[in-house]
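Examination of the molecular architecture
Here is how the chains run, residue by residue.
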Amino acid sequence: MAGINKLTKISTAEGGMIGVANCASFGKCKTTVYNATNGSAPLSGGTRLIDYMVIAGGGAGGKSGGAGGGGAGGYLNSVAGENSGGGAATTLLPVSTKGNSTLDITIGGGGAGQTTGGDAGANGVDSTIEGTGMTTITATGGGGGGGDSDNEADSEARPGGSGGAGGGASYPFGVGTGVALQGNNGGNASAASGSNGGGGGGGAGAVGGNGSGTSSAGTGGAGLTSCITGSPVARAGGGGGAIYQNTKGAGGTGGGGAGARQSPVQAGSAGCANTGGGGGGKYSCGTGYAGGSGVVIVKEKNNARGVWPMEQAGTAQSDGAWPDGTVIQAVTMNYLVVGGGGAGKSF
């Protein structure tokens, strides 16, 4: 019995088979991207497993002086071989669902641009997937970037709640923190002076950069790239820090907004919509830069390895959910091919 992890016996009524236990899913690799504020996601009749990407709204950048960039929204990704937030290979698994059911999708908005000078940016809003028979999946909004004020309660960079990247620091207060499997910490400001550069917001793939005196603000932390939709797309970059003169902080790859510069004036930018990117730090007048809204992506898996009840296979076939050969999944295998020997000559 070596090499067999688990056996399951299927009743005679279902075909009388014994084999390796598995969860067959006939979703035909259908992938759907949800960008709306909220909505529903109807699943195909044969779908029993889904891969998912859930990204929350990014945090807004701080306002005034060397303000910090906003952190990216929390980034959860179950696709094998890819990374979840924090940069490590994902340990998240596909989720079991019930076919012919509907998932409830909530897309978190980005943190609103700050209007009060000296205050930290607002946190982004959570994104979620909920459904019958499954545990709710929640990505937490990114932390707001630090402001430029001596009032710690108002100015300190915000953490990403229970997840999400932290906001970049400004003034003498600390960075916003991220949590494993969702995001990274923000970067530090260089010193307690409004002329110095603020820190960059944390991204899904990297911590935010630190400000460097009056010469440069911190760059937003890089986001992560996924091929869940079939093509590589970067998302969840942190926002860049603001500075009075010299080099403002660039936004992190994956939708992070750039920080602003005051002299000569060079505008920053908000986080990109549907990436969960953090907003850039804002130096002075006007409303601060908002975070980008999040996104949810659902991939209905084809998974029919091992054995399964004949009744289940027959039902999937009649429902039109049985794999028909039009969707081919990549596999890794070892093989040996030996050609036939040549014939001898007869005399």
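About the cut-offs
Residues numbered from 1 in each chain as written. Predicted model: local features only at pLDDT ≥ 70, side-chain atom pairs only at ≥ 80, totals over all residues. Heavy atoms only, no water. Helix = DSSP H or I, 4+ residues; strand = E, 2+ residues; numbered from the N terminus. Polar contact = N/O pair within 3.5 Å; in protein donor to acceptor, adjacent residues only side chain to side chain. Contact = heavy atoms within 4.5 Å. Pairing = 2+ DSSP bridges. Axes fitted to C-alpha atoms, helices over the stretch in contact; angles between N-to-C directions. pLDDT = per-residue confidence, 0-100. Core = buried A, V, L, I, M, F, W, Y, C linked by side-chain atoms within 4.5 Å. Buried < 20%, exposed > 50% of the residue type's maximum accessible area, 1.4 Å probe, protein only.

**Quick word on the side chain of T275**
Assignment of secondary structure puts T275 in the loop between β12 (233–235) and β13 (295–303). A distance of 2.8 Å separates a polar atom in the side chain of T275 from the backbone oxygen of C272. Apart from residues lying up to four places away in sequence, T275 is in contact with I55, R235, A236, G254, G255 and S293.

**Focus on the sheet that holds strand β10 (residues 137–139)**
With antiparallel pairing, four strands are arranged side by side in an open sheet as β4-β8-β9-β10. What marks the edges here is a single partner per strand, and that holds for β4 (38–42) and β10. On average, each strand axis in the sheet is inclined to that of its neighbour by 15°, with strand direction left out of account. Relative to β10, strand β9 (residues 127–130) runs antiparallel, the two sharing three bridges. Looking at the pairing, T128 lines up with T138 of β10.

**Overview of the confidence of the model for the protein chain**
Mean pLDDT over the protein chain works out to 79, with 72% of the residues at or above the 70 mark. Taken as a whole, residues 1–22 scores under 50 in pLDDT and shows 31 contacts with residues more than four places along the chain or in a different chain.

**Thoughts on the nonpolar core**
Residues Y52, V54, L103, I105, I129, I137 and V296 are the most contacted members of the largest nonpolar core, which totals 19 residues. Elements represented by at least two residues in this core include exactly β5 (49–55), β8 (102–106), β10 and β13. With three residues, the single largest contributor to this core is β5. Excluding residues that lie within four positions of it along the chain, L103 makes contacts with G39, S40, A41, L43, I50, I129, E130, G131, M134 and V298. Core analysis: the second largest hydrophobic core is formed by 11 residues, M53, V79, I228 and I297 among them.

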